[in-house]
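For reference, the chains in residue letters:
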Amino acid sequence: MFTSFTVTARWLLLCILCVPVVGGFVGVVFPALGYFPAIGATQFSAQPFATLFATNGIAKMMLLSLFTGLGSTSLAFIGACCLLAWCYQTRFVEKLQALLSPFLVFPHAAAAIALLFVLSPSGFFARLFTTDTDILVTTSAHSFPHDPYGLSVLFALALKELPFILLMALGVMSQPIVAKKISGYSNVGASLGYSSVARFFLLVLPTIFPQIRLPLLAVLVFATSNVEIPLILGPNNPSTLAVAVLHWFNHIDLSMRLLGSAGALLQVGISSAALGLFIVGERIVVVLGRALLVNGNRRFFDNAVVVTGASIFAVYMVLIGTIMYSTFAYSVASYWVFPNLLPEDTTWLHWQTVANAIEKPLSNTLILGGLVSTSSVLLVLFALESQVLKPTKRVMSFVFSVSVFLPLLVPGVAFLYGLVWLQQLVLQSATWFHTYIAHMVYVVPYVYLSLAIAYRKFDARYIVVAQSLGKSPWQVFVYIKLPLMLGAILIAWALGLAISFSQYLPTLLASGGVIPTVTTEAVASASGSSTRLSAVYVIIQATLPLIGFVLAWTLPRFMFNPKQGVS
């Protein structure tokens, strides 16, 4: 009975991941081909694509999306490798993961707004290095945010992606089988005189890369199609393609939906091109790596790698400190003259203004996040248990693995708009349900990744002992696995909360703007150039997921306190 239930959960998980993505993608294909009965377009045509490619600046939009996505992912991956090579054999690697975790749970919109506070022409660094005589020069200088080449977007995306890539790599390295293999390889390399950095790049990285490759490709697709960061930090004329698609779909003229649909499919092409270029680059690196393995060199640019790793860590620490200070200072500043580092006067007026308007967005955020994260954790737990009780064949296992990453491998703008079109045909008034499903599509993959690592590390000897005592699969699951995995389950739950809290585009489109959340309000405040109110929203956005992780870290200590016994 329990086995059948878990198998049903596995199929339900596949449906939640695949049906919205595939259905939404189909829903955007028809308008892209000119078929949109809502506005009287009932014949298929290539006109939307003709209009798209005739749009002013379309080539630059495509190049910006490709450059920022591919560049940020490559930069984040190289940076994560340098950090790991610098400290992977030390205890500092655990502290590194904890110190960089704020960037991991920081919503993209909040991160973009916070970077504005420190990198804008009147931001913290400009204040720090500007004297009164330099004010005219500084304020007229070129701004790093909104630069025409998308460098600010690339930098912000790389900052957000690096902690995730690092977490995936550390998760793989902590698996018992992989850890044993890495330890053996490293010992052999050390006995042959290879440096620690060389051992990482020549022996450790090739071992873990196959398991982080799919998450890395998902990061790349996300970076090429991200909306929040380019919307806040990116160039406006022209913008990245994903931002342009957002504007076309939200245009008051419904015929622009055809152009937006064509742009969404073009975004799929851009993301696919980025994947192709990344894979080509990967093949080139593999060929060069094989040459390095046989040339006898025992070092691998050790000094450069160590300096780079230490510098990246220093940049994160400086940014975390300056962002915390600048954000809080802006939230309470009433009058702040440039280039002073301290506000002339403080006030709680901005907090009061937000407090009067945030009750509904905050409650919506908490309700959505709680429902989505809790149901995602339960569904993933049962799906993972089904793989233990009734393993699938190799082909189906591969299909399941790809399905988990499907929402991350398909650009959001390519299926979310089509999903909205389908939602208008089915259960049109079920706004909360549609928003819930849209969040689930993005939360489930991350929860699955988090819990799958814990399942792989679970000691199967506990199960053998329980089964030898006559315990049923249900009893083993409830009384053995869940208590022993409570810490990992709560972390996955907190991660699900953080992902749900940060969703902007799925919330905006699935709800049609009817369900405001803290994230949608934060982006709206940033678009309205209200720096003080934006700072308050950033603090709230950062605090919400932090509370979830604090609960995840502290609850197991109270529930399993040795002095009090098991509660």
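If you're wondering where the values come from, they're calculated on a predicted model, not measured in any experiment.

Tell me about the nonpolar core, and please be specific about residues and values.
Grouped together as the largest cluster of nonpolar side chains are 178 residues, with contacts concentrated most on L13, F200, F201, W248, Y417 and L451. When neighbours within four sequence positions are excluded, F201 is seen to be in contact with C81, A85, P206, F300 and V305.

If you had to explain the environment of F106 to someone new, which residues and values would you point to?
When you line up the elements, F106 lands in the loop between α4 (92-105) and α5 (108-119). As a C-alpha pair, F106 and G24 span 82 residues in sequence and 28 Å in three-dimensional space. In contact with F106, not counting residues within four places along its chain, are A111, A114, K160, V538 and A542.

Outline the environment of T51, supporting the account with residue identities and numerical values.
On the secondary structure map, T51 appears in helix α2 (residues 47-53). With a relative accessible area of 36%, T51 lands in the partly exposed category.

For the side chain of S195, give the residues involved together with the corresponding values.
Inspection of the secondary structure puts S195 in the loop between α9 (176-191) and α10 (196-225). Within the local environment of S195, its side chain forms a polar contact with the backbone nitrogen of A198, the two atoms lying 3.2 Å apart. If we ignore the near neighbours within four places in the chain, the residues touching S195 are R298, R299, F300 and D302.

Lay out unusual backbone geometry in plain terms, naming residues and giving numbers.
Residue P238 follows N237 across a cis peptide bond; omega there is 0 degrees. Looking at the element boundaries, P238 is found in the loop between α11 (228-233) and α12 (241-249). The omega torsion across F338 and P339 is 10 degrees, close enough to zero to call that bond cis. Among the secondary structure elements, P339 is positioned in the loop between β1 (333-335) and β2 (345-346). Its identity as a non-glycine residue notwithstanding, H146 has a phi of 65 degrees, on the positive side. Following the sequence through the fold, H146 ends up in the loop between α7 (135-140) and α8 (151-173).

Please provide a residue-by-residue account of the side chain of S65, values included.
Turning to its location among the elements, S65 is positioned in helix α3 (residues 58-87). When neighbours within four sequence positions are excluded, S65 is seen to be in contact with T224, T240, L241, A242, Q267 and I270.

Tell me what's going on with the confidence of the model for the chain, and back it up with residues and numbers.
Residues with a pLDDT of 70 or more make up 95% of the chain, whose mean pLDDT is 85. Segment residues 136-142 is flagged for pLDDT under 50; beyond a separation of four residues in sequence, or across chains, it makes 7 contacts in the model.

Give a description of the pattern of salt bridges that names residues and reports values.
The final tally for this structure, using the stated rule, is 4 salt bridges. Here E282 ties to R213 by a salt bridge, and the two come within 2.9 Å at their closest N and O atoms. Of this pair, E282 sits in helix α13 (residues 256-294) while R213 is found in helix α10, placing the two residues 69 residues apart along the sequence. Owing to a relative accessible area of 12%, E282 belongs among the buried residues under this scheme. Taking the shortest distance from any N to any O, the salt bridge between E282 and R283 comes out at 2.9 Å. Judged by relative accessible area, which is 46%, R283 ranks as partly exposed. Within this structure, R213, E282 and R283 form a network of salt bridges that share partners.

For the state of the cysteines, give the residues involved together with the corresponding values.
Counted under the stated rule, the structure contains 0 disulfides. Here C15 is not disulfide-linked; the sulfur of C18 is the nearest cysteine sulfur, at 7.6 Å. Of the residues examined, C18 reaches a relative accessible area of 18% and is grouped as buried.

Account for α12, naming residues and giving values.
Burial runs high along α12: 8 of the 9 residues are buried. Within α12, burial applies to L241, A242, V243, A244, V245, L246, W248 and F249.

How would you summarise the packing of α3 against α13 if you had to cite specific residues and measurements?
It is at 10 Å that the axes of α3 and α13 come closest, and there the two elements cross at 40 degrees. It follows from the interaxial angle that α3 and α13 lie oblique. When you trace α3 past α13, the crossing you get is right-handed. Each of I58, M62, S65, L66, L70, T73 and S74 in α3 lies in contact with α13, whose residues at this interface are L266, Q267, I270, A273, A274, L277 and F278. Its residues placed into classes, the contact of α3 with α13 shows 10 nonpolar, 4 polar and no charged.

Give a description of the packing of aromatic side chains that names residues and reports values.
Scanning the entire structure with this criterion turns up 21 aromatic pairs. A centroid spacing of 6.1 Å and a plane angle of 25 degrees characterise the contact between F415 and Y442, whose relative ring orientation is stacked. Here F415 is found in helix α18 (residues 412-425), whereas its partner Y442 is found in helix α19 (residues 431-457), with 27 residues between them in sequence. Across the pair, exposure class does not vary: F415 and Y442 are buried alike. Joined through ring pairs, the aromatic side chains of F2, F5, F382, W474 and F477 make up one cluster.

Just give me the short version of the packing of α5 against α8, but keep the residues and values in it.
One way to put it is that α5 packs onto α8 with a least axis distance of 11 Å and a crossing angle of 125 degrees. Looking at the two axes, α5 sits oblique to α8. Every pair of crossing elements has a handedness; the one defined by α5 and α8 is right-handed. Seen from α5, the contacting residues are H108, A111, L115 and L119; seen from α8, they are F155, A156, L159 and K160. Within the contact of α5 with α8, the residues separate by chemical class into 6 nonpolar, 1 polar and 1 charged.

Before we move on, can you summarise helix α17 (residues 394-409) with the specific residues and values?
If you check α17, its first and last C-alpha atoms are 21 Å apart, about what 16 residues at 1.5 Å a residue would give, namely 22 Å. Those residues of α17 that fall on the buried side of the exposure criterion are F400, S403, V404, F405, P407 and L408. Among the structural elements, α1 (2-32), α10, α16 (359-389), α18 and α19 are those in contact with the buried residues of α17.

Account for a nonpolar patch on the surface, naming residues and giving values.
A contiguous nonpolar surface patch, about 570 Å² in accessible area, is contributed by W11, V395, M396, F398, V399 and V402. Element by element, the count of residues in the nonpolar patch is highest for α17, at 5 residues. Judged by relative accessible area, W11 falls into the partly exposed class, the value being 47%.

Here is what the cut-offs are and how they apply
- Residues numbered from 1 in each chain as written.
- Predicted model: local features only at pLDDT ≥ 70, side-chain atom pairs only at ≥ 80, totals over all residues.
- Heavy atoms only, no water.
- Core = buried A, V, L, I, M, F, W, Y, C linked by side-chain atoms within 4.5 Å.
- Buried < 20%, exposed > 50% of the residue type's maximum accessible area, 1.4 Å probe, protein only.
- Contact = heavy atoms within 4.5 Å.
- Helix = DSSP H or I, 4+ residues; strand = E, 2+ residues; numbered from the N terminus.
- Polar contact = N/O pair within 3.5 Å; in protein donor to acceptor, adjacent residues only side chain to side chain.
- pLDDT = per-residue confidence, 0-100.
- Salt bridge = Lys/Arg side-chain N within 4 Å of Asp/Glu carboxyl O.
- Disulfide = S-S within 2.5 Å.
- Axes fitted to C-alpha atoms, helices over the stretch in contact; angles between N-to-C directions.
- Parallel < 35°, antiparallel > 145°, perpendicular 65-115°, else oblique.
- Left-handed = near helix turned anticlockwise from the far one by under 90°.
- Nonpolar A, V, L, I, M, F, W, Y, C, P; charged D, E, K, R; others polar.
- Phe/Tyr/Trp six-rings, centres within 6.5 Å; stacked < 30°, edge-to-face > 60°.
- Expected span 1.5 Å × (residues − 1).
- Patch = residues over 30% accessible without salt bridge, like charges linked within 9 Å, V, L, I, M, F, W, Y side chains within 5 Å.
- Areas by Shrake-Rupley, 256 points an atom, 1.4 Å probe, with all protein chains shown as cover.

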